[in-house]
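Chain residues, written in single-letter form:
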Amino acid sequence: MDLIVWRHAEAHEAQPLEDDMLRALTPRGRKQAERMAVWLESQLPQGTRILSSPAVRAEETVQALKRKYKVRDALSPGASVQDILETSGWPDAKYPVLLVGHQPALGAVVAHLLGMPTEACAIRKGAVWWLRQRQREGQGQTVLMSVTCPEKL
């Protein structure tokens, strides 16, 4: 199984009393999302299931990809590693899954899957981490396939 995590692009800072779920992307964030969408479009396998947090900034990020996606509350800010892994179907889904969500939850998922301390993995705004589950000699392994950020494209 391939699990691709995409942290939402740069969003406006929260204003006092503003609902965090309603924060939108900045102009720079829209450009980051567009750059990553072009890269993803050239890389994503057919049949990839795309799931997004319901937060405005996450949906604006995934919309740059111009593919169908589904919103999942389990990807909201503050999601647990368990919520995210269950939502993705890891490690048993028969199709690749792209998740668009938030830090620190996505970083915690990557760290968990790679056997690192939870706080050891920070994912930059707009970046994509691509992981693959495979079997070797009867053992499940998680392989880091790619890390790409919009500034490098």
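Up top is the structure.
Analysis parameters
- Residues numbered from 1 in each chain as written.
- Predicted model: local features only at pLDDT ≥ 70, side-chain atom pairs only at ≥ 80, totals over all residues.
- Heavy atoms only, no water.
- Helix = DSSP H or I, 4+ residues; strand = E, 2+ residues; numbered from the N terminus.
- Buried < 20%, exposed > 50% of the residue type's maximum accessible area, 1.4 Å probe, protein only.
- Contact = heavy atoms within 4.5 Å.
- Areas by Shrake-Rupley, 256 points an atom, 1.4 Å probe, with all protein chains shown as cover.
- Lys, Arg positive; Asp, Glu negative; His and termini not counted.
- Charge placed at Lys NZ, Arg CZ, Asp CG, Glu CD.
- Pairing = 2+ DSSP bridges.
- Axes fitted to C-alpha atoms, helices over the stretch in contact; angles between N-to-C directions.
- Expected span 1.5 Å × (residues − 1).
- Polar contact = N/O pair within 3.5 Å; in protein donor to acceptor, adjacent residues only side chain to side chain.
- Phe/Tyr/Trp six-rings, centres within 6.5 Å; stacked < 30°, edge-to-face > 60°.

1. Description of the overall build of the protein
Turning to step 1, where the next piece is worked out: For the protein, the helix and strand inventory stands at four helices and six strands.
Turning to step 2, where the next piece is worked out: In sequence order, the secondary structure elements of the protein are arranged as β-α-β-α-β-α-β-α-β-β.
Turning to step 3, where the next piece is worked out: Principal-axis analysis of the C-alpha atoms gives the protein an extent of 50 × 30 × 25 Å.
Turning to step 4, where the next piece is worked out: Looking at the 153 residues of the protein, the share that counts as buried comes to 46%.
Turning to step 5, where the next piece is worked out: The contacts in the protein between residues at least 6 apart in sequence include a share of 61% that link residues at least 24 apart.
Turning to step 6, where the next piece is worked out: If you sum the accessible surface of the protein, you get close to 8000 Å²; carbon and sulfur atoms cover 49% of it.
Turning to step 7, where the next piece is worked out: The positive charge centre, built from 20 side chains, and the negative charge centre, built from 17, are 7 Å apart in the protein.

2. Notes on the sheet that holds strand β3 (residues 70-71)
The pairing of strands in a sheet comes from backbone hydrogen bonds and takes either a parallel or an antiparallel form.
Turning to step 1, where the next piece is worked out: Spatially, β3-β2-β4-β1-β5-β6 is the arrangement adopted by the six strands of the open sheet, whose pairing is mixed. Unpaired on one side and paired on the other, β3 and β6 (139-148) mark the two borders of the sheet.
Turning to step 2, where the next piece is worked out: Note that strand β5 (residues 128-136) and β6 share nine bridges and pair antiparallel. Across the sheet, residue Leu 131 finds its bridge partner in β6, namely Leu 144.
Turning to step 3, where the next piece is worked out: Most of the contacts of helix α3 (residues 81-88) go to strand β4 (residues 97-101), to which it runs at about 145°, and overall it touches β1 (2-7), β2 (49-52) and β4.
Turning to step 4, where the next piece is worked out: Each of β1, β4, β5 and β6 is contacted by helix α4 (residues 105-114), which is oriented at about 150° to β1, the strand it contacts most.

3. Considerations on the pairing of β5
Turning to step 1, where the next piece is worked out: Of the pairings in the sheet, the one linking β1 to β5 comprises five bridges and is antiparallel in character. Following the sheet pairing, Leu 3 is matched in β5 by Leu 131.
Turning to step 2, where the next piece is worked out: Where β5 folds back on β6, the antiparallel hairpin that results is connected by two residues, among which Glu 137 adopts a positive phi of roughly 50°.

4. Some points on helix α1 (residues 27-43)
Turning to step 1, where the next piece is worked out: The first and last C-alpha atoms of α1 sit 25 Å apart over 17 residues, in line with the 24 Å expected at 1.5 Å per residue.
Turning to step 2, where the next piece is worked out: Those residues of α1 that sit buried are Gly 29, Gln 32, Ala 33, Met 36, Ala 37, Trp 39 and Leu 40.
Turning to step 3, where the next piece is worked out: Of the surrounding secondary structure, the elements contacted by the buried residues of α1 are β1, α2 (56-63), β4, β5 and β6.

5. What about the side chain of Thr 26?
Turning to step 1, where the next piece is worked out: Tracing the backbone shows Thr 26 in the loop between β1 and α1.
Turning to step 2, where the next piece is worked out: Looking at Thr 26, its side chain comes within polar contact range of the side chain of Glu 10, at 2.7 Å.
Turning to step 3, where the next piece is worked out: Here Thr 26 is in contact with Glu 10, Ala 11 and His 12, once residues within four sequence places are set aside.

6. Describing the packing of aromatic side chains
Turning to step 1, where the next piece is worked out: Under the defined criterion, the tally for this structure stands at one aromatic pair.
Turning to step 2, where the next piece is worked out: Here the aromatic rings of Trp 39 and Trp 130 are separated by 6.3 Å at their centres, their planes lie at 90°, and the arrangement is edge-to-face. Of this pair, Trp 39 sits in helix α1 while Trp 130 sits in strand β5, placing them 91 residues apart in sequence. Comparing Trp 39 with Trp 130 shows no difference in burial state: the two are buried.

7. Observations regarding the environment of Pro 54
Turning to step 1, where the next piece is worked out: Tracing the backbone shows Pro 54 in the loop between β2 and α2.
Turning to step 2, where the next piece is worked out: Distance in space between the C-alpha atoms of Pro 54 and Val 100 is 9.5 Å, their sequence separation being 46 residues.

Any link to function would need more than the numbers given here.
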